[in-house]
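Residue-level listing of the chains:
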Amino acid sequence: MKDQADKDFINSAGAVYAWMCAADGVVTTEESEGFAKYISDSPFVNSVSAEEFKEAFSDLALIFENDFDEGYTKTLARIKPFKENRQTAINLVKVARQALVADGKLEEVEENIIRELCTFFDIEESQVV
């Protein structure tokens, strides 16, 4: 069983990924699985299965699909606790940046989300590289 910190990070990363996918309008199973593998292989969590990530992502993706504003509000609520932990906030933005690489194309709307996350967490983009 995962510890709560891992679960919270996975849920937050899934929410941010759903936001990015909703913003650019495209998500594939391969992207989602590739992104789950990246998180699992990263030092940010002990491990995560593609299924666990899909669960964290898919509920928010459905909300975004039906009501973008509600999805946005719920995403901010999921990531808000990380405002108190600067390093975890930076790690979450790093994961979001990796999502841009995972889908193979850089969209301006996704870059705007990275900027918005940095502003939300009050961190400089240069800290995320």
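What comes next is a walk through the structure. (Residues numbered from 1 in each chain as written. Predicted model: local features only at pLDDT ≥ 70, side-chain atom pairs only at ≥ 80, totals over all residues. Heavy atoms only, no water.)

## Details of helix α4 (residues 68-79)
Logical step 1: Look at α4: 17 Å from first C-alpha to last across 12 residues, which is about the 16 Å you get at 1.5 Å a residue.
Logical step 2: Residues of α4 that are buried: Gly 71, Thr 75, Leu 76 and Ile 79. The arc that holds every buried residue of α4, seen down its axis, measures 135°, which confines them to one face. For α4, exposure combined with an orientation more than 90 degrees from the buried face picks out Asp 69, Thr 73 and Ala 77.
Logical step 3: Here α4 starts with a cap whose side-chain oxygen sits 3.2 Å from the backbone nitrogen of Asp 69, and that cap is Asp 67. (Helix = DSSP H or I, 4+ residues; strand = E, 2+ residues; numbered from the N terminus. Expected span 1.5 Å × (residues − 1). Buried < 20%, exposed > 50% of the residue type's maximum accessible area, 1.4 Å probe, protein only. Arc of directions from axis to C-beta. Polar contact = N/O pair within 3.5 Å; in protein donor to acceptor, adjacent residues only side chain to side chain.)

## Side note on the packing of aromatic side chains
For any pair of aromatic rings, the description rests on two quantities: the centre-to-centre distance and the angle between the ring planes.
Logical step 1: A full pass over the atoms with the stated rule returns four aromatic pairs.
Logical step 2: Measuring from ring centre to ring centre gives 5.2 Å for Phe 120 and Phe 121, while their planes differ by 75°; the resulting arrangement is edge-to-face.
Logical step 3: Since its relative accessible area comes to 5%, Phe 121 is described here as buried.
Logical step 4: Sitting over the face of the ring of Phe 120, Lys 83 holds its NZ or CZ atom 4.4 Å from the ring centroid. (Phe/Tyr/Trp six-rings, centres within 6.5 Å; stacked < 30°, edge-to-face > 60°. Lys NZ or Arg CZ within 6 Å of the ring centre and 35° of its normal.)

## Here's the deal with helix α1 (residues 4-24)
Logical step 1: Helix length check: α1, at 21 residues, gives a terminal C-alpha distance of 30 Å against a target of 30 Å (1.5 Å per residue), a fit within 8%.
Logical step 2: Gly 25 sits one or two residues past α1 and shows a positive phi near 80°.

## Digging into the pattern of salt bridges
Two side chains that carry opposite charge are able to pair once their charged atoms sit near each other.
Logical step 1: One pass over the structure, following the stated rule, counts four salt bridges.
Logical step 2: In this structure, Arg 78 and Asp 59 form a salt bridge, with 2.7 Å as the shortest nitrogen-oxygen distance. Within this pair, whereas Arg 78 is found in helix α4, its partner Asp 59 is found in helix α3 (residues 50-66), the two being separated by 19 residues in sequence.
Logical step 3: Look at Asp 59 and you get partly exposed, because its relative accessible area is 36%.
Logical step 4: For the salt bridge of Arg 97 with Glu 125, the shortest nitrogen-to-oxygen distance reads 3.1 Å. Of this pair, Arg 97 sits in helix α5 (residues 86-102) while Glu 125 sits in the segment after α6 (108-121), and the two are 28 residues apart along the sequence.
Logical step 5: Each of Arg 97, Glu 111 and Glu 125 takes part in a single network of salt bridges with overlapping partners. (Salt bridge = Lys/Arg side-chain N within 4 Å of Asp/Glu carboxyl O.)

## Quick look at the nonpolar core
Logical step 1: Residues Val 16, Ile 79, Leu 92, Val 93, Leu 117, Phe 121 and Ile 123 are the most contacted members of the largest nonpolar core, which totals 28 residues.
Logical step 2: Contributing elements (two or more residues each) for this core: α1, α3, α4, α5 and α6.
Logical step 3: For this core, the element with the most residues is α1, which contributes nine residues.
Logical step 4: Filtering out sequence-adjacent residues up to four positions away, Leu 92 remains in contact with Phe 9, Ser 12, Ala 13, Val 16, Ile 79, Phe 82 and Phe 121. (Core = buried A, V, L, I, M, F, W, Y, C linked by side-chain atoms within 4.5 Å. Contact = heavy atoms within 4.5 Å.)

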